[in-house]
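Close look at the chain arrangement
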Amino acid sequence: MGKFNKGGKKEMPALNSSSMPDIVFAILFFFMVTTTMRSETLMVRMKLPTASEVQKLEKKSLVTYINIGPPMETRLGTGTQMQLNDRFAQVSEIQDYIAQEKASMNEADQPLMTVSIKADEETRMQYITDVKQALRQAYALKISYSARQGQNK
Amino acid sequence: MAKTTRKVPALNASSMADISFLLLTFFLLVSNMDVDSGLARRLPPPPQTEEQTTVDVQRRNLLVVLVNSQNETMVTNQQGTEWYTNAEELRGTGSKVALKDRVKEFVLNTSNSEQLPELTEEDFGPPIGIVPVTDQHVVSIQNDATTSYKTYIAVQNEVVRAYNELREEGARKYFNTSYEDLTEDQQNQINDLYPQRISEAEPKNYGGQ
């Protein structure tokens, strides 16, 4: 009977936290899979419209982005602005931008370039039409109106 | 004297958690949950000469979709006119015919009506063969300068949905499979059968600044 008597104070074993890094890696992999590396800081606020007939953009390397919306910094006002790369730009600068983006691609990939127009849903159509006319002049004819998948309200 | 084997202390891996937190924080900061889906469209090439900006279309071959500055839509052709006040009605709730159904009826013209586009027989290769199609039809979308982009996307979505449904029905009828399961050539055949003939004009500025 004396064999079972444990002399000495009983200590609660500490919680085994050796599996903590595994959990953290699992969360990390989730984020790595579901998100994309942000290539430029957003300077315009965009609430994308929803549409049901959207298609995924394949070959992200062949996609040029145009962001349109009210600026994020409220001191710049609420007028519609366009962001090309990392600065604000006017519609007249689109042609140069497209030519620049095309030049940085392979010869073979150039006709496959898609321009993704990400515009806030409250933008006035006049602005979008000006952008489209400029894109036509620049022969960037494959476009995609960026929208979230879903039933449009 | 028996030598007890020295126990080598295990590597202290408690800093592994710190490293993993650091990596996680890094990824949270540099990434964003961006959407990479969109409505794929094709723009027409820019007009080379002045004559190309206007094209004559017969009344029966034309379906006009107008969107005004109040984001209301009006669809009209020789058969009749329909008004929609918001995106819900565009989809066909209530008593209004959905926009996509009007576009489908317009493109197909199964009843060979005089008020709908002209049907001409064309050969699309096997297994479709010779089928009457409306190869002169035009869906014209016109919006006001102050129409909101959201309504424009809703209208575009419905028109594209009409063509997608037509193509899906064509794929099922001629190839017995869904449109996505077709090969590239078969998809091109179906696309030639139902080409997207959508024309967009400059927005008129009726609503002022």
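Note: the structure precedes this text.
Anyway, here's the lowdown on the structure attached to this text. Keep in mind that what you see is a predicted model, and the values were worked out from it rather than measured.

What counts, and at which threshold
Residues numbered from 1 in each chain as written. Chains lettered and ligands numbered in written order. Predicted model: local features only at pLDDT ≥ 70, side-chain atom pairs only at ≥ 80, totals over all residues. Heavy atoms only, no water. Helix = DSSP H or I, 4+ residues; strand = E, 2+ residues; numbered from the N terminus. Rg over C-alpha atoms; globule rule 2.2 N^0.38 Å. Buried < 20%, exposed > 50% of the residue type's maximum accessible area, 1.4 Å probe, protein only. Areas by Shrake-Rupley, 256 points an atom, 1.4 Å probe, with all protein chains shown as cover. Lys, Arg positive; Asp, Glu negative; His and termini not counted. Charge placed at Lys NZ, Arg CZ, Asp CG, Glu CD. Salt bridge = Lys/Arg side-chain N within 4 Å of Asp/Glu carboxyl O. Pairing = 2+ DSSP bridges. Axes fitted to C-alpha atoms, helices over the stretch in contact; angles between N-to-C directions. Contact = heavy atoms within 4.5 Å. Buried area = accessible area lost by both parts, 1.4 Å probe. Polar contact = N/O pair within 3.5 Å; in protein donor to acceptor, adjacent residues only side chain to side chain. Nonpolar A, V, L, I, M, F, W, Y, C, P; charged D, E, K, R; others polar.

**Considerations on the overall build of chain A**
Within chain A, the secondary structure is distributed over 3 helices and 9 strands. Here chain A has a C-alpha radius of gyration of 26 Å; the compact-globule value for 153 residues is 15 Å, and the former is much larger. In terms of overall dimensions, chain A has C-alpha extents of about 95 × 40 × 30 Å along its principal axes. When burial is assessed residue by residue, chain A has 40% of its 153 residues classed as buried. Total accessible area on chain A stands at roughly 9700 Å², and carbon and sulfur atoms take up 55% of it. The averaged location of the 16 negative side-chain charges in chain A is 11 Å from the averaged location of its 20 positive side-chain charges.

**With respect to the pattern of salt bridges**
Pairs can form between side chains of opposite charge whenever their charged atoms are close. As enumerated under the stated definition, the model contains 10 salt bridges over all chains in all. For the salt bridge of Arg87 of chain A with Glu93 of chain A, the shortest nitrogen-to-oxygen distance reads 3.3 Å. On the basis of relative accessible area, Glu93 of chain A is assigned to the partly exposed category, the value being 27%. The shortest N-O distance in the salt bridge between Lys100 of chain B and Glu165 of chain B comes to 3.5 Å.

**Concerning unusual backbone geometry**
Residues and elements named next belong to chain B. The linkage connecting Pro126 with the following residue, Pro127, adopts the cis geometry, with an omega of -5°. Assignment of secondary structure puts Pro127 in the loop between strand E6 (120-123) and strand E7 (130-133). Even without being a glycine, Asn71 presents a positive backbone phi close to 65°. Tracing the backbone shows Asn71 in the loop between strand E3 (62-67) and strand E4 (73-77). In this structure, Asn176 takes a positive phi of about 60° despite not being glycine. Considering the arrangement of structural elements, one finds Asn176 in the loop between helix H4 (149-175) and helix H5 (184-193).

**Things to note about the sheet that holds strand E8 (residues 138-143) of chain B**
Residue and element names in this part refer to chain B. As summarised here, the arrangement of the 5 strands in space is E5-E4-E3-E8-E9, forming an open sheet in which the pairing is mixed. Looking at the sheet topology across the chains shown, the edges are occupied by strand E5 (80-84) and strand E9 (198-200). Put simply, the sheet's adjacent strands are angled 15° from each other on average, direction ignored. In this sheet, E9 lies alongside E8 in parallel orientation, the contact comprising 3 bridges. Each bridged residue has a counterpart across the sheet, and for Ile141 the counterpart in E9 is Glu200. Along the sheet face, helix H3 (residues 99-108) touches E3, E4, E5 and E8 and points at about 155° away from the line of E5. Together, E3, E4, E8 and E9 form the strand contacts of H4, whose direction differs from that of E8 by roughly 170°.

**Notes on the interface of chain A and chain B**
Counting residues at the interface gives 54 residues for chain A, matched by 50 residues for chain B. Together chain A and chain B conceal approximately 5000 Å² of surface at their shared face, both sides included; 59% is due to carbon and sulfur atoms. Sorting the residues of chain A by area buried against chain B places Glu53, Met125 and Tyr145 of chain A first, and these three jointly supply 15% of that buried surface. At the boundary of chain A and chain B, one finds 2 salt bridges. Across the chain A-chain B interface, the total number found is 21 residue pairs in polar contact (both at pLDDT 80 or more). Within the residue set of the side of chain A that touches chain B, elements represented by two or more residues are helix H1 (20-34), strand E1 (36-37), strand E2 (50-51), strand E3 (55-56), strand E7 (114-119), helix H3 (125-137), strand E8 (142-146) and strand E9 (148-149) of chain A. The class makeup of the residues in the side of chain A that touches chain B is 25 nonpolar, 16 polar and 13 charged. Here E3 of chain A runs beside strand E2 (residues 37-42) of chain B; their pairing, made up of 2 bridges, is antiparallel. What sits directly across from Lys56 of chain A, in E2 of chain B, is Ser37 of chain B.

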